[in-house]
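Chain and residue survey
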Amino acid sequence: MQTTSSAPSTTTSPHILAVDDEVMLHDVFERLFPREGIEVTACSSGTEAMEHLADAAFDLVLATHQMPGPDGMELLDHIQEHHPTVRVILLSDQDNAQNAVRAMQRGAADYIPKPFSTDELVDRVKDLLAEPAPSAASGRLSGDSIPDAPNVTSADGAPTGSTDDPDLSAGSSLFSQDEAPESDTPFVGEHESIQHLKTMVPRVAQSEAPVFVHGESGTGKEILSRLIHDQSARADAPYVPINCAALPSDLVESHLFGHVEGAFTGAVDDMDGAFERADGGTLLLDEITEIDCGVQAKLLRVLQEQQFQKIGASDKKEVDVRIVATSNRDLRNAVNEGAFREDLYHRLAVFPLHVPPLRGRLSDIPLLAEHFVEKYTARYELAHKSLSSGLLQRFQTHRWPGNVRELENMIHRGVVMAAEADVITEEHVLNASFVQDTAGTLPHRNDAGATLAQLSDEDGPPTIAEMERKLILRTLSQDDVSQKHAAEQLGVSARTIRNKLQEYRDEGFSI
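Right, let's walk through the structure included here. (Residues numbered from 1 in each chain as written. Predicted model: local features only at pLDDT ≥ 70, side-chain atom pairs only at ≥ 80, totals over all residues. Heavy atoms only, no water.)

**Focus on the sheet that holds strand β8 (residues 282-286)**
The strand order β7-β8-β11-β6-β12 describes an open sheet built from five strands, whose pairing is parallel. The sheet is open, and its two borders are formed by β7 (239-243) and β12 (351-354), each paired with just one other strand. Each strand of the sheet is rotated relative to its neighbour by a mean of 15 degrees, with strand direction disregarded. With four bridges joining them, β8 and strand β11 (residues 322-327) adopt parallel strand pairing. Each residue of the ladder has a partner; that of L283, found in β11, is I323. Sheet strands touched by helix α6 (residues 192-205): β6 (211-214), β11 and β12. Its angle to β12, the strand with the most contacts, is close to 155 degrees. (Pairing = 2+ DSSP bridges. Helix = DSSP H or I, 4+ residues; strand = E, 2+ residues; numbered from the N terminus. Axes fitted to C-alpha atoms, helices over the stretch in contact; angles between N-to-C directions. Contact = heavy atoms within 4.5 Å.)

**A short note on helix α1 (residues 23-32)**
Buried residues of α1: L25, H26, F29 and L32, and no others. Buried residues of α1 fall within an arc of 140 degrees about the axis and therefore sit on the same side. As for α1, its buried residues are in contact with β1 (15-19), β2 (39-43), β3 (60-64), β4 (87-92) and α5 (118-129). (Buried < 20%, exposed > 50% of the residue type's maximum accessible area, 1.4 Å probe, protein only. Arc of directions from axis to C-beta.)

**Here's the deal with the pattern of salt bridges**
Scanning all chains against the criterion turns up 18 salt bridges. Residues D320 and R234 are paired through a salt bridge, measuring 2.7 Å at the closest nitrogen-oxygen approach. Linking D320 in the loop between β10 (317-318) and β11 with R234 in the loop between α7 (221-230) and β7, this pair joins segments that are 86 residues apart in sequence. (Salt bridge = Lys/Arg side-chain N within 4 Å of Asp/Glu carboxyl O.)

**Things to note about the side chain of H15**
Secondary-structure assignment places H15 in strand β1. Owing to a relative accessible area of 3%, H15 belongs among the buried residues under this scheme. Here T41 takes part through its side chain, which lies 2.9 Å from a polar atom of the side chain of H15. (Polar contact = N/O pair within 3.5 Å; in protein donor to acceptor, adjacent residues only side chain to side chain.)

Below you can see the structure in the form of structure tokens.
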């Protein structure tokens, strides 16, 4: 068996398996991911990949669709059956929409056509690794069943094998099952803001009006959305979450409205979209501001007429769907920036709900921490553990850029690292970025350039990542420059800018 990297690490670094018969790509993967703190093992066939999976634990598999022996789709089916907690990204030489749809339906977390941008590949891998892994019990289904959607997926930095992103539901694909299992993560908290939301949920749930849930990544938006469905008259009907940020731009309409055979190149048969699957129930449009304006117009018509039309079909279908939309962006700001239609905003924001950041409800940290300790000690069949007073004090001074998801990830790490101990201490959970953040030494955005220059003087030439960060933050520090305009100046997508800023926050920079 040919391998081109070291054995799996015993650290908590994420570990991915890259499977491609183009051996030249192995070197690319091995140079690309370790720079991001991600360990990689590379092999050349599906057979070798199955052997690696049997011998070591991986968080994610990058697999080429077309290769000799078991191809990427067959490997995907094998992983679904034997390693359901491992996420899979398929890489394909054919930019084929139907293949992408089929891959998602059979459980792939993402589908990326070649040639791909290395930045995009790294971003998408990191996004998936930041989401909780699906549990074996709720892992994705194969065949024609649509796999569980990410939840949280949410959300926003999980360590290997975690979730929930309190912003998503178990899994990490675009769809959930029609009747997704009820979220196992309750909306924990006694802060006044959380009590208000808990009071609002039953009232909002009993209406049929659209709901818009706003909040930073990792605050628990999807959990709140699921509670609204579970307490509504539609509780026994389908709950279909769609991660709009993960939808390939050329497949958005197919995923939302479906298509008929022959509607476009690669549409070899009919496919039901999210609206049809959610008929009678609730459709969650997670991160709705990621949908482009053209599709927003069609979405508005569906909400107004309660009818949709499959791509390539001549007739319309009636649909009864309750919409819950979420975003970590303020819809009014998105409207002002021209990124979101004002008429769709007014249609969605009948019931606007705001989930506060964790830094705004620090008194809930002990309750949340206790909840996550119970969750992960039960998962690993460990004795109950308590948190040291020193650790709780540090939690109260942290800025929590990743919100509840970040806290969950820390507790998850602490439970694992303190497996033989009764008390989880600072040493079990803290890392350099946490220490830096609580020390209050982080630079403001407008000071980032000077800070990076100082780093270069002290530590030698700047890395590519440091120069990239300096360029992005310097561009954004200009007067009247929005993220959208900064993206245009730098020649990247607005989503890339948002992802980079979240990455910098997770590293401890105050943006």
